[in-house]
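Observations on the three-dimensional arrangement
The primary structure of each chain is shown beneath.
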Amino acid sequence: MRVFVTGASGWIGSHTVDELLRAGHDVTGLARSDAAAAALRGKGAAVLRGDLDDLDALRRGATEADAVVNLANKHDWANPAESNRAERASVEAIAEALAGTDKPFVFASGLAALAQGRPSTENDPSPFSGLDSPRGGAENRAFELGVHAIAARFAPTVHGTGDHGFIAILVAAAKRTGFAGYVGDGSSAWSAVHVDDAARLVRIGLEQAPAGTRLHAVAEEAVPSRQIAEAIGRSLDLPVKSVAPDDAVEHFGFLGRFFALDMSASSEITRAAFGWEPTGPTLVEDIIAGAYKNA
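Residues numbered from 1 in each chain as written. Predicted model: local features only at pLDDT ≥ 70, side-chain atom pairs only at ≥ 80, totals over all residues. Heavy atoms only, no water.

Some remarks on helix α8 (residues 225–236)
The first and last C-alpha atoms of α8 sit 17 Å apart over 12 residues, in line with the 16 Å expected at 1.5 Å per residue. Here α8 has its buried residues at Ser225, Ile228, Ala229, Ala231, Ile232, Gly233, Ser235 and Leu236. In the segment just after α8, Asp237 is the residue with positive phi, at about 60°. (Helix = DSSP H or I, 4+ residues; strand = E, 2+ residues; numbered from the N terminus. Expected span 1.5 Å × (residues − 1). Buried < 20%, exposed > 50% of the residue type's maximum accessible area, 1.4 Å probe, protein only.)

Here's what the structure looks like:
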């Protein structure tokens, strides 16, 4: 297939481009910079210049492709409303170009605590609708638009060497404060997946998933935050301490609002339906092995 990928030079996107190329697909990646364009060409992918706000470029890329993977996100934590707006607009623009076709459209979504007291599953619909909701309600919006939409719900941490996401922020906080912290008793837990396993699931979903599928990119259902902090402490040779909930934002920055939340999820339905089995290292193994030492 000819696959158009947004976020093609990003963390998950760059690994997804590699996975698609290895599987024999022709890839065109959206690139907003000369460096991103050169990196894509160096891999053997074609380039479409533009960014998430260039809706004409998004429509063109989708029109010229046989399938679309939308992984771009502004991740502007200082202005989440702008990130939400841009994500929703990109989904609507791509869906407009795909209308009347059966071209697969895999788009990034997130895993939040959809059910109190248990891991969320693929059968749990997103509770978020409307522009002012997280991700602009893009998951529900995509499913409303009548295209072959497939939600790839990524675990809160998609880990690996080179990751600059949530775990890197926790490591930076540990270096800054002199200890690896967790919130309260450290019992809150996040699901996790290695980036190579996540990329492989995107490719499988693109090739196999029916419209309306929710894929859970989850290798580990629930990694307690205390275990994450202990692994960071071991990697950096730092002590491990509890941080009071009231002090979490001061200690961790914006991430303090999330580190105390339970964001666990199952991928049993995804595995059974598509034969996806994660093979990468666990989150703790990655941290101890030094994947985040230079974060």
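Structure shown, so let's carry the discussion forward.
Observations concerning the domain arrangement of the chain
Per the domain assignment, the segments making up the chain are domain 1 (2–157 + 193–218) and domain 2 (161–192 + 221–289). Here the C-alpha centroids of domain 1 and domain 2 sit 24 Å apart. Each partner contributes to the interface: domain 1 provides 27 residues, whereas domain 2 provides 31 residues. Between domain 1 and domain 2, roughly 2,500 Å² of surface is buried when both sides are summed, and carbon and sulfur atoms account for 62% of that area. Of all residues in domain 1, Trp11, Trp77 and Val218 give up the largest surface area on contact with domain 2, accounting jointly for 26% of the area buried on that side. In this assembly, domain 1 and domain 2 are joined by 0 salt bridges. Counting across the interface, domain 1 meets domain 2 through 11 residue pairs in polar contact (both at pLDDT 80 or more). If you list the elements that add at least two residues to the side of domain 1 that touches domain 2, you get β9 (189–194), α7 (195–208) and β10 (214–217). (Domains from an automatic or database assignment. Contact = heavy atoms within 4.5 Å. Buried area = accessible area lost by both parts, 1.4 Å probe. Salt bridge = Lys/Arg side-chain N within 4 Å of Asp/Glu carboxyl O. Polar contact = N/O pair within 3.5 Å; in protein donor to acceptor, adjacent residues only side chain to side chain.)

Overview of the packing of helix α6 (residues 166–177) against α8
One way to put it is that α6 packs onto α8 with a least axis distance of 10 Å and a crossing angle of 55°. Relative to α8, the element α6 is oriented oblique. In this structure, α6 crosses over α8, and the sense of that crossing is right-handed. On the side of α6, the interface is formed by Ile167, Leu170, Val171, Ala174 and Lys175, while α8 contributes Ile228, Ile232 and Leu236. Class assignment for the residues of the contact of α6 with α8 results in 7 nonpolar, no polar and 1 charged. (Axes fitted to C-alpha atoms, helices over the stretch in contact; angles between N-to-C directions. Parallel < 35°, antiparallel > 145°, perpendicular 65-115°, else oblique. Left-handed = near helix turned anticlockwise from the far one by under 90°. Nonpolar A, V, L, I, M, F, W, Y, C, P; charged D, E, K, R; others polar.)

A look at the sheet that holds β9
What the 3 strands build is an open sheet, ordered β7-β9-β11; its pairing is mixed. Two strands close off the open sheet at either side, each with one partner strand: β7 (157–159) and β11 (220–224). On average, each strand axis in the sheet is tilted by 45° relative to the strand beside it, whichever way the strands run. As paired strands, β7 and β9 are joined by 3 bridges and run parallel to one another. Directly across from His159, in β9, lies its bridge partner His194. The sheet strands contacting α7 are β7 and β9, and the helix crosses β9 at an angle near 75°. (Pairing = 2+ DSSP bridges.)

Examining helix α1 (residues 11–22)
Here α1 contains 12 residues, and its C-alpha end-to-end distance of 17 Å stays within 8% of the 16 Å for a straight helix at 1.5 Å per residue. Every buried residue belonging to α1 is among Trp11, Ile12, Gly13, Ser14, Thr16, Val17, Glu19 and Leu20, and all of these are buried. After α1 finishes, the residue Gly24 shows a positive phi value of roughly 95°.

Brief notes about the side chain of Ser191
When you line up the elements, Ser191 lands in strand β9. If sequence neighbours within four positions are ignored, Ser191 has contacts with Leu111, Ala155, Pro156, Thr157, Val218, Glu220, Glu221, Ala222, Met263, Ser264 and Ala265.

Some points on the pairing of strand β1 (residues 2–6)
For β1, a buried count of 4 out of 5 residues is recorded, marking the element as mostly surrounded by other parts of the structure. In this sheet, strand β2 (residues 26–31) lies alongside β1 in parallel orientation, the contact comprising 4 bridges. The residue bridging Val3 from the neighbouring strand is Val27, located in β2. Remark: the β1/α1/β2 crossover connection has right-handed handedness. Of the strand pairs in this sheet, β1 and strand β4 (residues 67–70) are connected by 4 bridges, and their pairing is parallel. The residue bridging Val3 from the neighbouring strand is Ala67, located in β4. (Right-handed = clockwise from strand over helix to strand, strands pointing away.)

Remarks on the pattern of salt bridges
Counting across every chain of the model gives 23 salt bridges. Notably, a salt bridge pairs Arg60 with Glu64, separated by 3.3 Å at the nearest N-O pair. One end of the pair, Arg60, and the other, Glu64, are both in helix α3 (residues 55–64), 4 residues apart, so they sit about a helical turn from each other. The partner of Glu87 in a salt bridge is Arg135, with the nearest N and O atoms 3.0 Å apart. Of the two residues, Glu87 is situated in helix α4 (residues 80–98) and Arg135 in the loop between β5 (104–110) and α5 (138–144); the sequence distance between them amounts to 48 residues. Judged by its relative accessible area of 25%, Arg135 is partly exposed.

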